[in-house]
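Each chain is listed here by its residues.
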Amino acid sequence: MSDDFFQNKELKTDSLTGLFTRDVVVEYANYLIEKGTEFSLALIDIDNFKNVNDNYGHTMGDTVIAFLANRLKDAFGTRGVIGRFGGDEFMVVIPEITEYDAVWSLLREVHKSIDGITPPNVKNLFLTCTFGLSRFPLDAQTYDSLFELTDKALYRGKIKGRNCFIIYLESKHKNIQLHSADDTTISSMQMHTQIFKFLNSAPHVQDGIKDLLLFLGSNLMIDHLAIQTKDGLYFSQIFALTKTADFKSITNPFFMENVSPSMGIYNLNDTGNLENINQSELLKECRAQGIKSVLYAVIRYNDEIFGYIRADSTSTARIWQYKDMDLLITAANAIAMSLHFQNKQIKDL
């Protein structure tokens with residue numbers, strides 16, 4: 001950077017990553033605001049980083065943070081000033097790039113360069129990140145306001161399914177409410193309660209299932225939610241913004257056969273990986289319907305299996321979150337109880 005801000009200064013760097021510290025990047029953002037220089041502010045969060053620490057240990061967690069820091073620094077190059085914001089988050093100031101198409105192209109390039117990368121000497125650990133971005137002075141005129149909007153965009157990316165980038169647009173994101181951990185817990189409790197209300201209050205079990213799947217699909221932003229059985233596909237609910245409109249029964253039993261006996265669920269974040277496990281025919285079925293990610297939750301009461309809740313993502317590969325999987329497992333169990341006690345089968349509804 002040739003900017004005066006970086007001339008004749010000793011700027012603090014983070015000991016783990018070698019990136020600038022949070023204070024430096026925030027100071028630089030305020031410096032550009034004082035000068036009236038247009039810029040974009042981005043936050044980048046490593047998806048499901050807690051799982052890395054839990055499954056591989058904190059030493060590996062540090063390795064992942066340092067590894068991604070270097071990749072992000074290389075990807076932005078001279079176009080952005082990047083720092084470690086804290087924990088597994090990074091902040092980037094991108095001076096003089098604020099036009100929407102230019103920002104979109106840059107984020108797409110950077111996101112693509114780190115999508116699914118694996119740290120050296122680690123097998124089966126594929127890293128992804130979620131980006132949120134807003135622009136000065138288009139979106140806000142102070143650092144605090146700009147940061148809040150950037151955080152909203154990041155939050156939207158997280159609840160959308162992660163592994164994506166979101167550019168703040170007032171028309172789309174103005175009313176997003178950021179939730180604390182306590183708020184998220186309360187929301188989850190309310191969602192679980194609502195699942196049983198749909199099934200218990202409906203005059204007929206089929207009405208309850210239809211309303212429940214519509215509710216879950218809309219709230220979890222799942223492109224396609226349905227019940228899959230060996231006989232076919234039932235109760236399909238297609239999210240309004242989904243590009244694919246024609247979903248069909250998946251004839252290959254692989255997904256159903258690989259549902260975990262203990263958890264009652266099978267999820268695949270990227271159906272492209274089916275090629276690596278000799279499931280090319282199943283991959284063809286998924287591609288024919290535009291399915292990038294899939295989840296199956298067994299509808300089972302004791303030893304009786306009624307079918308499976310099938311969730312499909314089409315716009316991009318989706319990293320299924322624990323809270324989403326928990327809700328879908330609960331929904332499958334609730335449907336199974338309703339069917340059992342009313343002596344019904346899916347194909348009879």
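This structure is a prediction, so every number in the text was calculated from the model and none was measured.

Asker: Help me get a handle on the overall build of the protein chain, residues and values and all.
Answerer: On a plain count of helices and strands, the protein chain comes out with eleven helices and ten strands. Rg of the C-alpha trace for the protein chain: 23 Å, near the compact-globule value of 20 Å for 349 residues, within the 12% margin. Structurally, the protein chain occupies a C-alpha span of about 80 × 45 × 35 Å along its principal axes. The contacts in the protein chain between residues at least 6 apart in sequence include a share of 64% that link residues at least 24 apart.

Asker: Could you give an account of the packing of aromatic side chains, naming the residues involved and the relevant values?
Answerer: By the definition in use, this model includes 17 aromatic pairs. With centroids separated by 5.9 Å and ring planes inclined at 70 degrees, the aromatic side chains of Phe-254 and Phe-255 adopt a geometry described as edge-to-face. In this pair, the class of Phe-254 matches that of Phe-255, namely buried. Cluster of aromatic residues (ring-pair linked, three or more members): Phe-5, Phe-6, Phe-20, Tyr-28 and Tyr-31.

Asker: Before we move on, could you go through the sheet that holds strand β1 (residues 39-46) and cite the residues and values that matter?
Answerer: Consider a sheet: its strands pair through backbone hydrogen bonds, and that pairing is either parallel or antiparallel. Ordered in space as β2-β3-β1-β4-β5, the five strands form an open sheet in which the pairing is mixed. Of all strands in the sheet, those with a lone pairing partner are β2 (81-86) and β5 (165-167), marking the two edges. Between one strand axis and the next, the sheet turns by 20 degrees as a mean value, whatever way the strands run. Bridge count for β2 against strand β3 (residues 89-95) is five bridges, and the pairing is antiparallel. Considered in β3, the bridge of Val-81 is made with Val-93. In this fold helix α4 (residues 100-114) packs onto β1, β3, β4 (129-136) and β5, with an angle of close to 160 degrees to the strand it touches most, β4.

Asker: Describe the packing of helix α2 (residues 49-56) against helix α3 (residues 58-76), and please don't skip the residues or the numbers.
Answerer: Where α2 contacts α3, the axes come no closer than 7 Å and their chain directions differ by 140 degrees. One finds that α2 runs oblique with respect to α3. Taking contact as the criterion, the partners of Phe-49, Val-52, Asn-53 and Tyr-56 in α2 are, on α3, His-58, Met-60, Gly-61, Val-64 and Ile-65. By residue class, the composition of the contact of α2 with α3 is six nonpolar, three polar and no charged.

Asker: Break down the environment of Lys-172 for me, with residues and values.
Answerer: Here Lys-172 shows up in helix α6 (residues 170-173). For Lys-172, a relative accessible area of 63% gives the class exposed. In sequence terms Lys-172 and Arg-156 are 16 residues apart; their C-alpha atoms lie 10.0 Å from each other.

Asker: Can you explain the environment of Asp-4? Please cite residues and give values.
Answerer: The topology assignment puts Asp-4 in the segment before α1 (22-35). Relative accessible area serves as the criterion here: at 56%, Asp-4 is assigned to the exposed category. C-alpha separation for the pair Asp-4 and Ile-291, spaced 287 residues apart in sequence, amounts to 49 Å.

Asker: Break down the pattern of salt bridges for me, with residues and values.
Answerer: Under the definition given, this model contains eight salt bridges. Across the pair Asp-14 and Arg-84 runs a salt bridge whose closest N-O atoms are separated by 3.4 Å. Here the residue Asp-14 occupies a position in the segment before α1, and Arg-84 occupies one in strand β2, the gap between them amounting to 70 residues. Residue Asp-14 shares its accessibility class with Arg-84, and that shared class is buried. Notably, a salt bridge pairs Arg-79 with Glu-109, separated by 2.9 Å at the nearest N-O pair. Taken together, the positions of Arg-79 in the loop between α3 and β2 and Glu-109 in helix α4 put the pair 30 residues apart, joining distant regions of the chain. Residue Arg-79 is classed as partly exposed on the basis of its relative accessible area of 29%.

Asker: Would you mind going over the packing of α3 against α4 in detail, with residue names and values included?
Answerer: Between α3 and α4, whose axes approach to 10 Å, the crossing angle comes to 145 degrees. Crossing geometry of α3 relative to α4 is assigned as right-handed. Side by side, α3 and α4 meet where Leu-68, Arg-71, Leu-72, Ala-75 and Phe-76 of the first sit next to Leu-106, Glu-109, Val-110, Ser-113 and Ile-114 of the second. Tallied by class, the residues present in the contact of α3 with α4 amount to seven nonpolar, one polar and two charged.

What counts and how
- Residues numbered from 1 in each chain as written.
- Predicted model: local features only at pLDDT ≥ 70, side-chain atom pairs only at ≥ 80, totals over all residues.
- Heavy atoms only, no water.
- Helix = DSSP H or I, 4+ residues; strand = E, 2+ residues; numbered from the N terminus.
- Rg over C-alpha atoms; globule rule 2.2 N^0.38 Å.
- Contact = heavy atoms within 4.5 Å.
- Phe/Tyr/Trp six-rings, centres within 6.5 Å; stacked < 30°, edge-to-face > 60°.
- Buried < 20%, exposed > 50% of the residue type's maximum accessible area, 1.4 Å probe, protein only.
- Pairing = 2+ DSSP bridges.
- Axes fitted to C-alpha atoms, helices over the stretch in contact; angles between N-to-C directions.
- Parallel < 35°, antiparallel > 145°, perpendicular 65-115°, else oblique.
- Nonpolar A, V, L, I, M, F, W, Y, C, P; charged D, E, K, R; others polar.
- Salt bridge = Lys/Arg side-chain N within 4 Å of Asp/Glu carboxyl O.
- Left-handed = near helix turned anticlockwise from the far one by under 90°.

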